[in-house]
Amino acid sequence: MTVTQPLRCLLLQVRDPDDPMSGHEIASFERALAPYPVLITIFDLLDRLLTPGELEGADLVLMGGSGAYSAATGGPWLATALDSLRTVHASGVPAFASCWGFQAMAVAMGGEVANDRSRSEIGTHALHLTPAGRDDPVFGHLDPHFKAQMGHEDLVTTLPPRATLLASSGRVANQAYRFEDAPVYCTQFHPELDIAGIKARLSAYPRYLTEVTGETYEEIVARLEETPETTRLLSRFVEVFLGD
């Protein structure tokens, strides 16, 4: 792809105003989308409904984590947020969602999500491609068995209609999917995070250590591995959907 100006990215966030990971998420996506220059604008899904007009001019939509919010337990904000995600799906604008975005897009389009701490995955975990993942233009460059950074206690139990499963882990079957009728890819894992990024998340959300994993920060950090091949999913996505 020949880049003459930054890609205009709309990052849909579900985060409190004082969430320290709001700016960190922007920096993480900027790093992962390299070598493409990007201009990232935040849209707060907790504040208002996304309209089709607000997607005009966007080259790419991004969705990431959520801090204190869950697509499984919900709240008064969720219905409007899900309507916004359905607008993204219908728009035809290429979109990539990780973690909360993965779960919320599944719910928005007819899938099911549950909270299950017994199947939580925090840190670097092993995954494998499905046959569809091995044949996929975005995922197919990965090794059939690969690793990625994770941080979740919610999971997608039922994929939405017209979604194709691309990757699974030993603990959670639904780890990545694409839609057959829209340029939308979703991953439970965080391709935008490296070791420094996952350390920052663990430090910002210490309850994952005390409430979810039962492990210490040092124990989790000791098992972390860099995952540059998985990070390249984002630039590969740009090549496939926004290339010349």
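The coordinates are above.
All figures in this text were calculated on a predicted structure; none of them were measured in a lab.

Some remarks on the sheet that holds strand S4 (residues 95-98)
Sheet architecture is open: nine strands sit in the order S2-S1-S3-S4-S11-S10-S9-S6-S7, paired in mixed fashion. Of all strands in the sheet, those bounded by a partner on one side alone are strand S2 (38-44) and strand S7 (145-152). Direction aside, the axes of adjacent strands within the sheet are offset by 25° on average. Sheet contacts for helix H1 (residues 21-32): strand S1 (7-13), S2, strand S3 (60-63) and S4; angle to S2, the most-contacted strand, approximately 145°.

Focus: the side chain of His89
Of note, His89 is situated in helix H2 (residues 78-91). Looking at His89, the relative accessible area reads 10%, which means it is buried. Of note is the side chain of His89, whose polar atom sits 3.1 Å from the side chain of Asp181. Ignoring sequence-local partners within four residues, the contact set of His89 consists of Met109, Phe179, Asp181, Ala182 and Val184.

What about the pattern of salt bridges?
Enumeration over the complete set of coordinates arrives at 15 salt bridges. Of the charged contacts in the structure, one is a salt bridge between Glu239 and Arg236, with a shortest N-O distance of 3.1 Å. Note that Glu239 and Arg236 are positioned in helix H8 (residues 228-242) at a spacing of three residues, about one turn of the helix. Accessibility expressed as a relative area gives 36% for Glu239, which makes it partly exposed. Given the relative accessible area of 28%, Arg236 is considered partly exposed. Overlapping salt bridges bring together Arg15, Asp19 and Glu25 as one network.

Topic: the side chain of Gln188
Here Gln188 shows up in the loop between strand S11 (184-187) and helix H5 (195-204). Only 3.1 Å separates the side chain of Gln188 from the side chain of Gln103, close enough to count as a polar contact. The residues touching Gln188, leaving out its near neighbours within four places in the chain, are Cys99, Phe102, Gln103, His152, Asp154, Leu155, Asn174 and Gln175.

Some points on the packing of aromatic side chains
A complete count under the given rule lists 10 aromatic pairs for this structure. Both rings, one in Phe96 and one in Phe237, keep their centres 5.5 Å apart while their planes meet at 80°; by these two values the pair is edge-to-face. On the criterion of sequence distance, the pair formed by Phe96 in strand S4 and Phe237 in helix H8 is long-range, its members being 141 residues apart. We note that Phe96, like Phe237, is buried. Centroid distance Phe237 to Phe241: 4.8 Å. Interplanar angle 45°. Geometry classified as tilted. One end of the pair, Phe237, and the other, Phe241, are both in helix H8, four residues apart, so they sit about a helical turn from each other. Aromatic ring contacts, followed pair by pair, group Phe96, Phe139, Tyr185, Phe237 and Phe241 into a single cluster.

Focus: H5
Along H5, the residues classified as buried are Ile195, Gly197, Ile198, Arg201 and Leu202. End-on, the buried residues of H5 take up no more than an arc of 165°, which puts them together on one face. Turning to H5, the residues buried within the fold contact H1, strand S6 (121-129), S7, helix H6 (207-213) and helix H7 (217-222). Measuring from the side-chain oxygen of the N-cap residue of H5 to the backbone nitrogen of Ala196 gives 3.3 Å; that N-cap residue is Asp194.

The rules behind these values
- Residues numbered from 1 in each chain as written.
- Predicted model: local features only at pLDDT ≥ 70, side-chain atom pairs only at ≥ 80, totals over all residues.
- Heavy atoms only, no water.
- Pairing = 2+ DSSP bridges.
- Helix = DSSP H or I, 4+ residues; strand = E, 2+ residues; numbered from the N terminus.
- Axes fitted to C-alpha atoms, helices over the stretch in contact; angles between N-to-C directions.
- Contact = heavy atoms within 4.5 Å.
- Buried < 20%, exposed > 50% of the residue type's maximum accessible area, 1.4 Å probe, protein only.
- Polar contact = N/O pair within 3.5 Å; in protein donor to acceptor, adjacent residues only side chain to side chain.
- Salt bridge = Lys/Arg side-chain N within 4 Å of Asp/Glu carboxyl O.
- Phe/Tyr/Trp six-rings, centres within 6.5 Å; stacked < 30°, edge-to-face > 60°.
- Arc of directions from axis to C-beta.

None of the figures reported here should be taken as evidence of function without further support.
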